[in-house]
Amino acid sequence: MHDVAAEKVEGAAPAEFPVPAGCYAQNVVSVRHYTDRLFSFRITRPQSFRFRSGEFVMIGLPNAAKPVFRAYSVASPAWDDELEFYSIKVPDGPLTRHLQKIRPGDTVLMRQKSTGTLVLDALTPAKRLWMIATGTGVAPFASLIRDPETYDKFEEVVLANTCRDVAELAYGNELVAALKDDPLIGEFAAGRLRYVAATTREASPLMGRITARIADGSLFAGLGLAPFDPTVDRVMICGSMEMLKDVKALVEAAGLEEGSVAEPGQFVVERAFVG
Ligand SMILES: Cc1cc2nc3c(=O)[nH]c(=O)nc-3n(C[C@H](O)[C@H](O)[C@H](O)COP(=O)(O)OP(=O)(O)OC[C@H]3O[C@@H](n4cnc5c(N)ncnc54)[C@H](O)[C@@H]3O)c2cc1C
Ligand SMILES: NC(=O)c1ccc[n+]([C@@H]2O[C@H](COP(=O)([O-])OP(=O)(O)OC[C@H]3O[C@@H](n4cnc5c(N)ncnc54)[C@H](OP(=O)(O)O)[C@@H]3O)[C@@H](O)[C@H]2O)c1
């Protein structure tokens, strides 16, 4: 049996702040900054930590007796031996004003339980899976597009990633580009993963809110596909509260029914942040 308590000292926190109960303390392996608002980082994975691709965990820093924890989608797939996260930098954010300064070798705290609705098990079988993301909402889909199970369950996968500016698309763009050469996933994704990257506030080849592109049909026309159809399509949605509300209304108008882990359905939603 694996000893969780022993694992807590792996990547030990500074001695003045003991690792809180129910948390792992892990080492930062790498950090990559994309813009002044966005970065990604990878940490060591506790041997006993299991999660489903698309789930989120609670992340904190060992910088206080009662550290601030925030929800983070795990951006790496369930099979990866490290854990990847894609993060906003909120200038005065209680967590991210510190988190944005992490470097390899630093310690990150992670609560031991993962959860979330953007999991394959929450959807009933169908031909095509749409992943609709705005901003950091692409993080859970970074996990799912790298999981072979996604391609076992769906013949076609479409990732629609919309950000304000071109630079904010970099993480998603690079991820999809890297998949082509990935020795494990490249073969699954080839010809089956389609990627639609758009901006709303800076000129780029594809512009406009995802809601506008669903409503006017240009999202589907651009891919040579028919609009959402409950017999063909399943949809996962991740973005701000407003975005979720608006995309959900469009998906429901197409006749799809919301699912959950307890009761799988035709679409699922999750907040990329609160507020
Ligand atoms: C289920 C879930 C999953 C999440 N997954 C991620 C993730 O993978 N990556 C990530 O960066 N954040 C994610 N978040 C948001 C995250 O929990 C924190 O809010 C974020 O890290 C900022 O923390 P903070 O303490 O610095 O500021 P907070 O006090 O938490 O936030 C301050 C304000 O910053 C804005 N904000 C917060 N997070 C974001 C964001 N991601 N994008 C744009 N604006 C934001 C909001 O206006 C918020 O009111 C998730 C939230 C939820 C509920
Ligand atoms: N430099 C900065 O300081 C800076 C820069 C950007 C954002 N921010 C702040 O960060 C927070 C989050 O910004 P964000 O860009 O990560 O997330 P966001 O505001 O949710 O925007 C991400 C993308 O989602 C789109 N969107 C927003 N609401 C939508 C809706 N109801 N339906 C469909 N699409 C929708 C946006 O389009 P639109 O462009 O049309 O809104 C944008 O393309 C905001 O509070 C913002 O003020 C700060």
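For clarity, every value in this text was computed on a predicted model and none was experimentally measured. (Residues numbered from 1 in each chain as written. Chains lettered and ligands numbered in written order. Predicted model: local features only at pLDDT ≥ 70, side-chain atom pairs only at ≥ 80, totals over all residues. Heavy atoms only, no water.)

Asks: For the overall build of the chain, give the residues involved together with the corresponding values.
Replies: In terms of helices and strands, the chain carries nine helices and eleven strands. The globule rule puts the C-alpha radius of gyration for 275 residues at 19 Å, and the 19 Å found for the chain is close to it. For the C-alpha atoms alone, the extent of the chain along its principal axes is close to 60 × 45 × 35 Å. Put simply, of all contacts in the chain between residues at least 6 apart along the chain, 72% involve residues at least 24 apart. Carbon and sulfur atoms provide 54% of the accessible area of the chain, an area that totals close to 12,500 Å². Counting 30 positive and 35 negative side-chain charges, the chain places the averaged centre of each group 5 Å from the other. (Helix = DSSP H or I, 4+ residues; strand = E, 2+ residues; numbered from the N terminus. Rg over C-alpha atoms; globule rule 2.2 N^0.38 Å. Contact = heavy atoms within 4.5 Å. Areas by Shrake-Rupley, 256 points an atom, 1.4 Å probe, with all protein chains shown as cover. Lys, Arg positive; Asp, Glu negative; His and termini not counted. Charge placed at Lys NZ, Arg CZ, Asp CG, Glu CD.)

Asks: Explain the sheet that holds strand β11 (residues 267-271) to me, and be specific about the residues and the numbers.
Replies: Strand order across the open sheet formed by five strands is β9-β8-β7-β10-β11, with parallel pairing between neighbours. At either end of the open sheet lies a strand with only one pairing partner, and these are β9 (193-199) and β11. Taken pair by pair, the neighbouring strands of this sheet meet at an average axis angle of 10 degrees, ignoring direction. In terms of strand pairing, strand β10 (residues 233-239) meets β11 through five bridges, oriented parallel. Looking at β11, one finds that Met236 is bridged to Val268. (Pairing = 2+ DSSP bridges. Axes fitted to C-alpha atoms, helices over the stretch in contact; angles between N-to-C directions.)

Asks: Mind laying out the domain arrangement of the chain, listing which residues take part and the relevant values?
Replies: Entries for the chain in the domain assignment read domain 1 (2-111) and domain 2 (120-269). Using only C-alpha atoms to locate each centre, domain 1 and domain 2 end up separated by 26 Å. Across the contact, 22 residues belong to domain 1 and 20 residues belong to domain 2. In total, about 1,600 Å² of surface goes out of reach between domain 1 and domain 2, with carbon and sulfur atoms giving 57% of it. When the buried area of domain 1 at its contact with domain 2 is split by residue, Arg52, Trp79 and Tyr86 rank highest and sum to 34% of it. Across the domain 1-domain 2 interface, the total number found is four salt bridges. We note a salt bridge from Glu84 to Arg146, for which the minimum N-O separation is 3.0 Å. Every element with two or more residues in the side of domain 1 that touches domain 2 is listed here: β2 (38-44) and β5 (82-88). Here the side of domain 1 that touches domain 2 gets four residues from one element, more than from any other, and that element is β5. A class-by-class count of the residues in the side of domain 1 that touches domain 2 yields ten nonpolar, seven polar and five charged. (Domains from an automatic or database assignment. Buried area = accessible area lost by both parts, 1.4 Å probe. Salt bridge = Lys/Arg side-chain N within 4 Å of Asp/Glu carboxyl O. Nonpolar A, V, L, I, M, F, W, Y, C, P; charged D, E, K, R; others polar.)

Asks: Describe the layout of surface pockets, listing the residues and the values that go with them.
Replies: Taken as a whole, the largest pocket encloses approximately 1,200 Å³ of empty space. Lining the largest pocket are 39 residues, and of these Thr134, Thr136, Ser240, Ala272 and Phe273 lie nearest its centre. It is strand β4 (residues 70-73) that contributes the most residues to the lining of the largest pocket, four residues altogether. Residue composition of the lining of the largest pocket, by class: 18 nonpolar, eleven polar and ten charged. Summarising the domain contributions, the lining of the largest pocket has at least three residues from each of domain 1 (2-111) and domain 2 (120-269). What the second largest pocket holds in volume is close to 190 Å³. If you go around the second largest pocket, you meet 13 residues; those closest to its centre are Arg32, Tyr34, Ser40, Glu84 and Tyr171. (1 Å grid on protein atoms, 1.4 Å probe; cavity = no way out; pocket = protein on both sides within 12 Å on 5 of 7 lines; lining within 4 Å. Points joined across faces, edges and corners; volume = space filled by probe spheres on them.)

Asks: I'd like a rundown of the site of ligand 1, residues and numbers included.
Replies: Taken together, 19 residues sit near ligand 1, with Arg70, Ala71, Tyr72, Thr96 and Thr136 positioned nearest. Thr96 places a polar side-chain atom, nitrogen or oxygen, 2.6 Å from an oxygen atom of ligand 1. In the complex, 81% of the free accessible area of ligand 1, which totals 860 Å², lies under the protein chains. Most atoms of ligand 1, that is more than half of them, are within 2 Å of grid points of the largest pocket. Put simply, the parts of the chain that give the shell around ligand 1 at least two residues each are β4 and β5. A total of four residues in the shell around ligand 1 trace back to one element, the largest contributor, which is β4. Considering only residue class, the shell around ligand 1 consists of twelve nonpolar, five polar and two charged. (Near = heavy atom within 4 Å. Polar contact = N/O pair within 3.5 Å; in protein donor to acceptor, adjacent residues only side chain to side chain. Sits in = over half its atoms within 2 Å of the grid points.)

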